[in-house]
Amino acid sequence: MIASASVLAVLCAAEAAAYDAQPAVRGENVKLQWNIPAQPLTDALIAWSEQSNYVVLIQDDLAAGVQSQALMGAYTSFEALERLLTPSTLTYKIRNETTLVVTPRLQPASMTVPAEPRTAANTSVSQPADSLEYREVREQNRRSRGGEHSPEDRDQIVVTGTRIRGAAPTAPVRVVTSEEIEQSGFGQIGDVVRSFPEVFAGGQNPGVIASTGSAGNQNVSNASTVNLRGVGTDATLVLLNGRRLAGDTFFQAADISGIPLAAVERVEIVADGSSALYGSDAVAGVVNFILRNDFEGAEVTGRVSGATQGGAFEQTYSALGGVTRSGWRALANYEYAKQEGLTAGQRDITSEAVDGAHLLQPQERHSLFLSAGADLSDRVSLSVDALASKRNVDYLFQPFAFSSPLNISIDTPSFSVGSTLDWKATDKWRVAVTGVVSRSHNEEWSRSPATTNNTRYENGLSYAEFLAEGAISGLPSGDIRTAFGGGWRQESFDLSSATSPQSAISGDRDIKYVFGEALIPLVADSDDRPGLHSLVVSASGRFEDRSDFGSAATPKVGIRYEPVSGLTLRATWGKSFKAPSFQQLLQSRTAVLFPASAFRVASGGAAFFVTGGNPNLEPERSRSWTVGGEFSLDGRAPLTLSATYFNIDFTDRVVTPISPASTALINPIFDSFIDHDPTSQEQADLLAGVNRFVNLSGAPHDPDTVIAIVRNLQQNALSQRIEGVDVSYRQEFGALSAFANATWIDLRQQSVPAAPEVTLSGTIANVPDLRTRGGLTWETSGLAVTGNVNFVSSSTDTGVAPNAEIGSWTTIDANLSYDFDGDGGFLSGMRIALSATNLFDRDPPFALSPSFLQEGIFFDSTTASPLGRLVALTVRKRF
């Protein structure tokens, strides 16, 4: 938008009144985490405006040809702006509480940043000359980049890890932006998340094959879930715009595959126990997907990809549109994706497997995201978000050539609707009321030549919550920022079957809760005290009363200490509580008859492998603590380093004790879960007590040939301990930027008192000891070239005797993109990208034991993929 300064002043004043922005969020005493790469100054000011909540006005020719330096680290809004303007001859002036004007530095009216927050009462502002023409960079942002925040939303930004707006949490938080997602070359949000070193690709995720022998690693419905630290998808809380989602199938972890990638603004990861703030399920941490809610214009995207070895061809199409007006906004994003499957016969590494059996399941998906907001008055606003998706999967499951083929079809419609009413009660206090309804339905049909089975899963979630957030004056070092609230939540689960009505189960629970958080500045920010720049303490707590497992209190404390500007040290300690999921309690019991050779018994015969829930489970409890810090350095090559040590100590962790399953009959520590040489009556009793019987032995059930019953039911482990280190590096070298992230994990578990503690990390079907991802990006004049290196450390195949080493796996990804700039023409607003994952087409490292449970599978599908090189072309056009 270009307008005369006098006209624009009226527009800005009207906008400020309409949105009633909150100065406390913009204040100089609040430090925010910044990550703005070196780029043209106008683009840098766009990014600064999005995060700081200020409207920025700049004369068109002032920014022409000016390059900003990179901005990384924790700074107040004005400190950040000064660093962005340092290479130029520009400074800024404050027009009012919502608007800044960038002007030449040598003008008499140039200002320095005062120690106290500026307000209309204590700031004298020199207005720019009426004859000058200025551009509002936020309006430019809406046209060129989609306008990711409206003013009414930006003054309500809450970083995951705290309930307090604008506060820097004491917990470690990693933010992945939409720009970083574009540079990765991935086409689905699940692929993006699984590339993070702190996330384990096992659990319920595409590409996970049942041959892992772990009940926790099964691709039931092709859903994508988040598994922080490899602790389990049930221990990571997933939020969509800060709101919970219903679970998927019997795993009951939130499925993120239906989130349209074009709608994602950023992903925030809190890899720290957060039950004190968010309640149960946040034991390992929280992953919050923040979607766009403010967009002006339209955007269409098309992406096609395929593996150079054949199979897995995928096409994705997206249409995004929105309007933003004074006092209201609306946005819609529809995405369609269709992926062909990958069968064992299409890869040399699985050439011995059943030819038509699927390694990757074919899928068709429709997703729709809607968002709208309006100012009901100058102090009250209303926002509504809705996400709906429908997935269909059809695949062949046949673990052995002699077993009956199973043709499986699954339909999964789901939706989530959330609404928040926000009231600015005073200049320092706001109250928000939120309501959410979320549902997931799964309809599965499994057909063999002899039988047909149907299973339906229904997961439901409803809750209402209120939150009051504000500041309490009193300390010389600054206001105490606080948030408190409470709510009610209902969770439900139903399993039914058209072919086996007797197997129906259902459960529900009500949770009432209250919570509170305080951020206490013990030492105010100051550069005059070397060694004591600032010191902040946080304290939070939550009390929950559950209809099925009683009440529990979960506290958490944290500290954030800055000895000098640019260096931050932090630590947290807290407790978490998690009730068993309905799946863990009520999952129907299934008995699978395997050939005894699947359990490495060469004498012949067969063995039952029984899985299912356990209604006698106890709640899980844990203590967790972290210590870490960030260091940022300005200059010609700005640098940011981050490191965090984490420690989680579980008691009564719910697990399936036998892993890998192929060792059940040869490892003596599992003897307490085995019935050796069961009688015909014991087998009959077993089959009468299970909900489903599957025969994969290749022959009719003969009681005389059964050598054992393996019972791998859910149970409380005696202990589970997880510790490790996260490390992050970022640096800018002009047009070149570099990053590296790494996670090292040590996970140990003791299942029963008689068994020894065993190390699970670095073993087959478990989280690897070390995972890293790093890369370089070079950008110039619309062209961007990115190369990333992925590394998974070697592991141990504990499913064979003696144990064998599984080699490490290193792959390289590349992405080449070009953004067409200009004021007109068809190419204006277009972006074309060519990407390749696993550029050098590396096969997964060899592992023998998965072939015992599914012949021809010679790799660990939780840490490596048989897909090979995948090449994708993406074209995006913005209008």
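Residues numbered from 1 in each chain as written. Predicted model: local features only at pLDDT ≥ 70, side-chain atom pairs only at ≥ 80, totals over all residues. Heavy atoms only, no water.

(A) Summary view of the overall build of the chain. Counting secondary structure elements, the chain contains 12 helices and 48 strands. A buried classification covers 59% of the 879 residues belonging to the chain. Expressed as a percentage of contacts within the chain between residues at least 6 apart in sequence, the contacts between residues at least 24 apart total 68%. (Helix = DSSP H or I, 4+ residues; strand = E, 2+ residues; numbered from the N terminus. Buried < 20%, exposed > 50% of the residue type's maximum accessible area, 1.4 Å probe, protein only. Contact = heavy atoms within 4.5 Å.)

(B) The sheet that holds strand 14 (residues 285-291), seen in detail. If you walk across this open sheet you meet the five strands as 8-13-14-9-10, and the pairing is mixed. Pairing within the sheet leaves two strands with one partner each, and these edge strands are strand 8 (173-177) and strand 10 (243-244). Bridge analysis of strand 13 (residues 264-270) against strand 14 gives six bridges, and the strand direction is antiparallel. Directly across from isoleucine 269, in strand 14, lies its bridge partner valine 287. (Pairing = 2+ DSSP bridges.)

(C) Summary view of the pattern of salt bridges. All told, the structure shown has 38 salt bridges when counted by the stated rule. A salt bridge links arginine 174 to glutamate 198, with the shortest nitrogen-to-oxygen separation between them at 3.0 Å. Of this pair, arginine 174 sits in strand 8 while glutamate 198 is found in the loop between helix 8 (189-194) and strand 9 (236-240), placing the two residues 24 residues apart along the sequence. Since its relative accessible area comes to 7%, glutamate 198 is described here as buried. The closest approach of N and O atoms between aspartate 385 and arginine 243, which form a salt bridge, is 3.1 Å. (Salt bridge = Lys/Arg side-chain N within 4 Å of Asp/Glu carboxyl O.)

(D) Spotlight on the nonpolar core. Ranked by internal contacts, the top residues of the largest apolar core, which has 42 residues, are Ile189, Val226, Ile256, Ile259, Val267, Phe289 and Ile722. Core analysis: the second largest hydrophobic core is formed by 25 residues, Ile36, Leu71, Leu85 and Val102 among them. (Core = buried A, V, L, I, M, F, W, Y, C linked by side-chain atoms within 4.5 Å.)

(E) The packing of aromatic side chains, seen in detail. Summed over the entire model, instances satisfying the criterion amount to 14 aromatic pairs. For the pair phenylalanine 594 and phenylalanine 609, a centre-to-centre distance of 6.5 Å together with 75° between the ring planes defines the contact as edge-to-face. Pair noted here: phenylalanine 594 is in strand 30 (residues 590-595) and phenylalanine 609 is in strand 31 (residues 606-611), with a separation of 15 residues, a long-range link. Above the face of the phenylalanine 582 ring, arginine 509 is positioned so that its terminal group lies 4.5 Å from the ring centre. (Phe/Tyr/Trp six-rings, centres within 6.5 Å; stacked < 30°, edge-to-face > 60°. Lys NZ or Arg CZ within 6 Å of the ring centre and 35° of its normal.)

(F) Summary view of the pairing of strand 37 (residues 706-711). Strand direction decides the pairing type here: strand 31 and strand 37, joined by five bridges, are parallel. Residue pairing in the sheet places phenylalanine 609 in a bridge with valine 710 of strand 37. In this structure, strand 35 (residues 674-676) lies alongside strand 37, joined through three bridges in antiparallel fashion. Across the sheet, histidine 676 pairs through a bridge with alanine 708, a residue of strand 37.

(G) View of the sheet that holds strand 37. Strand order in the open sheet made by the five strands is 35-37-31-30-36, with mixed pairing throughout. At either end of the open sheet lies a strand with only one pairing partner, and these are strand 35 and strand 36 (692-695). Strand-to-strand, the axes of this sheet are offset by a mean angle of 20°, without reference to chain direction. (Axes fitted to C-alpha atoms, helices over the stretch in contact; angles between N-to-C directions.)

(H) Examining the environment of aspartate 525 more closely. Residue placement: aspartate 525 occurs in the loop between strand 26 (505-523) and strand 27 (534-546). In sequence terms aspartate 525 and serine 565 are 40 residues apart; their C-alpha atoms lie 8.9 Å from each other. A polar contact is formed between the side chain of aspartate 525 and the side chain of serine 534, at a distance of 3.4 Å. (Polar contact = N/O pair within 3.5 Å; in protein donor to acceptor, adjacent residues only side chain to side chain.)

(I) Representation of the side chain of serine 224. Here serine 224 shows up in the loop between helix 8 and strand 9. A polar contact is formed between the side chain of serine 224 and the side chain of arginine 194, at a distance of 3.1 Å.

(J) Here's a closer look at unusual backbone geometry. Residues serine 659 and proline 660 are joined by a peptide bond in cis, for which omega reads -5°. Tracing the backbone shows proline 660 in the loop between strand 34 (654-655) and strand 35. The omega torsion of the bond from alanine 801 to proline 802 falls at -5°, within 30 degrees of zero and hence cis. The topology assignment puts proline 802 in the loop between strand 44 (795-797) and strand 45 (804-806).

(K) Structural view of the side chain of asparagine 288. With respect to the helices, strands and loops of the structure, asparagine 288 is situated in strand 14. Of note is the side chain of asparagine 288, whose polar atom sits 3.0 Å from the backbone nitrogen of glycine 242. Once you skip the residues sitting within four places of it in the chain, asparagine 288 turns out to touch Thr160, Leu239, Leu240, Asn241, Gly242, Arg266, Val267 and Glu268.

(L) The arrangement of the packing of helix 3 (residues 41-52) against helix 4 (residues 77-85) in detail. With their axes 11 Å apart at the nearest point, helix 3 and helix 4 run at an angle of 175° to one another. On the basis of their axis angle, the class for helix 3 and helix 4 is roughly antiparallel. Along its contact with helix 3, which presents Leu41, Ala44, Leu45, Trp48 and Ser52, the element helix 4 presents Ser77, Ala80, Leu81, Leu84 and Leu85. Residue composition of the contact of helix 3 with helix 4, grouped by class: eight nonpolar, two polar and no charged. (Parallel < 35°, antiparallel > 145°, perpendicular 65-115°, else oblique. Nonpolar A, V, L, I, M, F, W, Y, C, P; charged D, E, K, R; others polar.)

(M) Fine view of the pairing of strand 17 (residues 328-339). Taken together, the 12 bridges between strand 16 (residues 314-325) and strand 17 define a ladder with antiparallel strand orientation. Within strand 17, the position partnered with alanine 319 by the bridge is tyrosine 334. Alignment of strand 17 against strand 20 (residues 363-375), held across 12 bridges, turns out to be antiparallel. Along strand 20, the bridge assignment pairs lysine 338 with glutamate 364.

(N) How the structure looks around helix 4. Counting buried positions along helix 4 yields seven of nine residues, so the element is predominantly enclosed. What helix 4 keeps buried is the set Ser77, Phe78, Glu79, Ala80, Leu81, Leu84 and Leu85.

(O) Layout of helix 3. Look at helix 3: 16 Å from first C-alpha to last across 12 residues, which is about the 16 Å you get at 1.5 Å a residue. With respect to burial, helix 3 is a largely interior element, 10 of its 12 residues being buried. Where helix 3 is concerned, the buried positions are Leu41, Thr42, Ala44, Leu45, Ile46, Ala47, Trp48, Ser49, Glu50 and Ser52. Of the residues one or two after helix 3, asparagine 53 is the one with positive phi, at around 80°. (Expected span 1.5 Å × (residues − 1).)

(P) Spatial organisation of the confidence of the model for the chain. Chain-level pLDDT for the chain is 85 on average; 88% of the residues reach the 70-or-more range. Overall, residues 1-28 carries pLDDT values under 50, and its contacts beyond four positions in sequence, including any with other chains, amount to 79 contacts. Low pLDDT, under 50, characterises residues 106-157; the stretch is placed with 157 contacts to residues that sit more than four places away or in other chains. (pLDDT = per-residue confidence, 0-100.)

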